[in-house]
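Each chain is listed here by its residues.
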Amino acid sequence: MSDLDLLTQSLARNVKRWRAERGFTLDTLAARAGVSRGMLIQIEQARTNPSLGTVVKIGDALGISITTLLDYEQGPKVRVVPADQAVRMWHTEAGSYNRLLAGTEAPGPLELWDWRLMPGESSSSDPHPSGTVELVHVTAGELTLTVDGVDHAVPAGASASFDAWLPHAYGNQGAVPMEMVLAVSVPPVH
C-alpha cells in the first residue's frame with residue numbers, strides 16, 4: 001500500500017470516528033465544514049484525495065488538528081516529545097516564556113504547558129470556549145492568577161484549578177522567576 005493510500009484510508013477512518021464521537025450527521029459536518037455531503041461520503045469511503053484546504057476545514061469543524069485526522073498509527077498510542085521539540089509559543093527579552101510540552105484529543109483538546117514568568121511580567125489570556133478548565137502547579141516563585149478580575153496567590157508547591165472560559169491572566173509580582181506547569185482541557189465540539 002502506498003503512502004497516499006495509507007493516508008486516504010486513515011483520513012476515511014478518522015473522519016468517521018470523530019464525526020461519530022461528536023454525534024454529527026453527514027449533513028451537520030458538511031454544513032459546519034463548508035464542504036458538500038457528497039465530498040464527505042467520498043472521503044469516508046476512501047474514494048477521494050481531498051485538498052489540504054478541505055482537510056483543514058473538516059478538522060476545524062470537528063475541533064481537531066489535521067495531524068489527528070491524518071494519523072495512521074493503529075493500536076495504543078504513546079507519543080514521547082523530546083525536550084528539544086517542545087514548541088515555544090512566546091517569549092520576552094527578560095526571559096519569560098511558555099512552551100507547549102504535549103497535546104492530545106481526549107475527547108477534546110488537552111494540552112500540557114511549561115511556563116516561566118520573570119519578576120514584574122504577566123500574560124493575559126482571552127477566554128477559552130465554554131467548559132474549558134485549566135490546572136496549574138507552581139514549581140518556583142509565586143503565581144498571581146487573576147480570574148474574572150480577582151487575584152489569587154499560588155505559591156511554589158501549590159496547585160490551582162479554574163474555569164478558563166472566564167478572562168484570566170498569569171502574573172509574577174514577586175522578586176524571583178515564577179515557574180509552573182499548566183494543563184488546559186477544552187471540551188469537545190458538539
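Our subject is the structure that appears above.
Residues numbered from 1 in each chain as written. Predicted model: local features only at pLDDT ≥ 70, side-chain atom pairs only at ≥ 80, totals over all residues. Heavy atoms only, no water.

## Describing the overall build of the protein
Then, number 1: In terms of helices and strands, the protein carries 5 helices and 10 strands.
Then, number 2: Judged by the C-alpha coordinates and their principal axes, the protein covers about 60 × 35 × 30 Å.
Then, number 3: The 190 residues of the protein split such that 35% are buried.
Then, number 4: Excluding contacts between residues fewer than 6 apart, the proportion of contacts in the protein whose partners are at least 24 apart in sequence is 62%.
Then, number 5: A distance of 12 Å separates the average location of the 14 positive side-chain charges in the protein from that of its 21 negative side-chain charges. (Helix = DSSP H or I, 4+ residues; strand = E, 2+ residues; numbered from the N terminus. Buried < 20%, exposed > 50% of the residue type's maximum accessible area, 1.4 Å probe, protein only. Contact = heavy atoms within 4.5 Å. Lys, Arg positive; Asp, Glu negative; His and termini not counted. Charge placed at Lys NZ, Arg CZ, Asp CG, Glu CD.)

## Overview of the nonpolar core
Then, number 1: With 18 residues, the main nonpolar core has Leu 143, Leu 145, Tyr 170 and Met 180 as its most contacted residues.
Then, number 2: At the level of elements, strand S3 (109-117), strand S5 (133-140), strand S6 (142-147), strand S8 (159-163) and strand S10 (178-185) are the ones that each hand at least two residues to this core.
Then, number 3: With 4 residues, S10 is the single largest residue contributor to this core.
Then, number 4: Excluding residues that lie within four positions of it along the chain, Met 180 makes contacts with Trp 113, Asp 114, Trp 115, Val 136, His 137, Val 138, Thr 139, Leu 143 and Tyr 170. (Core = buried A, V, L, I, M, F, W, Y, C linked by side-chain atoms within 4.5 Å.)

## A few points about the pairing of S5
Then, number 1: Relative to S8, S5 runs antiparallel, the two sharing 5 bridges. By the bridge assignment for S8, His 137 is matched with Ser 159.
Then, number 2: Pairing of S5 with S10 involves 7 bridges; the strand directions are antiparallel. Its bridge partner lying in S10, Leu 135 is registered against Ala 183. (Pairing = 2+ DSSP bridges.)

## Structural notes on the packing of aromatic side chains
Then, number 1: Counting across every chain of the model gives 2 aromatic pairs.
Then, number 2: Aromatic side chains Trp 90 and Trp 115 sit 5.6 Å apart centroid to centroid with 70 degrees between the ring planes, which places their arrangement in the edge-to-face category. Taken as a pair, Trp 90 in strand S1 (residues 87-91) and Trp 115 in strand S3 lie far apart in primary sequence, 25 residues in all.
Then, number 3: Centroid distance Trp 115 to Tyr 170: 4.7 Å. Interplanar angle 55 degrees. Geometry classified as tilted. Remark: Tyr 170 occurs in strand S9 (residues 168-171) and Trp 115 occurs in strand S3; sequence separation between them is 55 residues.
Then, number 4: Members of the aromatic cluster, each reached through a chain of ring pairs, are Trp 90, Trp 115 and Tyr 170.
Then, number 5: Directly above the ring of Tyr 97 sits Arg 88, whose terminal nitrogen or CZ lies 4.4 Å from the centroid. (Phe/Tyr/Trp six-rings, centres within 6.5 Å; stacked < 30°, edge-to-face > 60°. Lys NZ or Arg CZ within 6 Å of the ring centre and 35° of its normal.)

## Looking at the environment of Met 118
Then, number 1: Positionally, Met 118 belongs in the loop between S3 and strand S4 (122-125).
Then, number 2: The buried category is assigned to Met 118, whose relative accessible area is 17%.
Then, number 3: Considered as a pair, Met 118 and Thr 92 are 26 residues apart in the sequence and their alpha carbons are 9.1 Å apart.
Then, number 4: Sequence-distant contacts of Met 118, that is, excluding residues within four places in its chain, are made with Ala 94, Gly 95, Ser 96, Asn 172 and Pro 177.

## Some details on the sheet that holds S9
Strand pairing in a sheet takes place through backbone hydrogen bonds and is either antiparallel or parallel in direction.
Then, number 1: Pairing is antiparallel in the open sheet, where 4 strands are placed in the order S4-S9-S6-S7. Here the strands that pair on one side only, and so sit at the sheet edges, are S4 and strand S7 (150-155). Each adjacent strand pair in this sheet contributes to an overall mean axis angle of 20 degrees, direction not counted.
Then, number 2: In the sheet, S6 pairs with S7 via 6 bridges, with the strands oriented antiparallel. For Thr 144, the partnering residue across the bridge sits in S7 and is Ala 153. (Axes fitted to C-alpha atoms, helices over the stretch in contact; angles between N-to-C directions.)

Just geometry here; none of it tells us what the structure is for.
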